[in-house]
Amino acid sequence: MEFDPELQNKIVHNGLANLVGTIVLLRVEDKTLMINRDKDTNDFLYGKFVPPGGKLEGYDSSPETCAKRELLEETDLLAENLNYRGKVFFDNKLRNFGGKPAKFNFLVYIFEAHGYSGVISYSKDPKGTPVWVPNSELLRLPMEKGDVYLFDWTDKGEEIHHIIRLSDTSAE
């Protein structure tokens, strides 16, 4: 993956995206690692399943560094053979979170890994519990519609370069 910080800065500084982040799709054999957001009842994602990931911090040298850090912070696992799959712009201007208008648009870099090292921690993440989910059951879980799109695109082998506008449940 070629990381272009100048392009990312243009997107952020032109007001298109307020936050930049990553998602890691860790898929081993016939299972995918998800985070069950089951710990913080004030979390707008409470009761949903999400892939590991989070915000790009100032000390992250690249989205790949951020993806590895987030997976480690949330699960104690180190991703092996992390592959860049693309990026998604989440246009949230017409969307509500927890009954409140969204404050942020997100530019999210998507990575996929098929191996890991370490021993999973089920108590490290203050917002949720890691869960290995059989791929055949993945889309039956309560999750954000944008995540459903991501799994559909990766399962088709597509490189991901899309805009997701969920006010009308459309994705481009």
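Look above for the structure.
Computed from a predicted structure; not experimentally measured. (Residues numbered from 1 in each chain as written. Predicted model: local features only at pLDDT ≥ 70, side-chain atom pairs only at ≥ 80, totals over all residues. Heavy atoms only, no water.)

### Comments concerning the packing of aromatic side chains
Our working definition: Classification of ring pairs uses Phe, Tyr and Trp, with its six-membered ring standing for Trp, and accepts pairs whose centres are within 6.5 Å; under 30 degrees between planes counts as stacked, over 60 as edge-to-face, and the remaining range as tilted. Numbering goes from the N terminus for both helices and strands, where a helix is a DSSP run of H or I of at least four residues and a strand is a run of E of at least two. Three labels apply to residues, based on accessible area from a 1.4 Å probe with only protein chains included: buried if under 20% of the type maximum, exposed if over 50%, partly exposed otherwise in between.
Considering all chains together, one arrives at four aromatic pairs under this definition. Summarising the aromatic geometry, the rings of Tyr149 and Trp153 are spaced 5.8 Å apart at their centres and angled 20° between planes, so their arrangement reads as stacked. Residue Tyr149 and its partner Trp153 are both found in helix 3 (residues 145-155); the two are separated by four residues, about one turn of the helix. Judged by relative accessible area, which is 7%, Trp153 ranks as buried. Connected via pairs of aromatic rings, a cluster forms that spans Tyr84, Tyr109 and Phe111.

### Brief notes about the pairing of strand 12 (residues 160-165)
Which entries qualify depends on this criterion: Should DSSP find at least two bridges between two strands, the strands are regarded as paired.
Side chains of strand 12 alternate between two faces, with Ile160, His162 and Ile164 buried and His161, Ile163 and Arg165 left unburied. Alignment of strand 6 (residues 83-91) against strand 12, held across six bridges, turns out to be parallel. Bridge pairing links Asp91 to Arg165 in strand 12.

### Describing the pattern of salt bridges
What counts here: Any Lys or Arg side-chain nitrogen found within 4 Å of a carboxyl oxygen on Asp or Glu counts as a salt bridge.
Counted by the stated rule, this structure contains 10 salt bridges. Between Lys48 and Glu144 there is a salt bridge, with its nearest N and O atoms 2.8 Å apart. Linking Lys48 in the loop between strand 2 (31-36) and strand 3 (49-50) with Glu144 in the loop between strand 11 (129-134) and helix 3, this pair joins segments that are 96 residues apart in sequence. Judged by its relative accessible area of 14%, Glu144 falls in the buried class.

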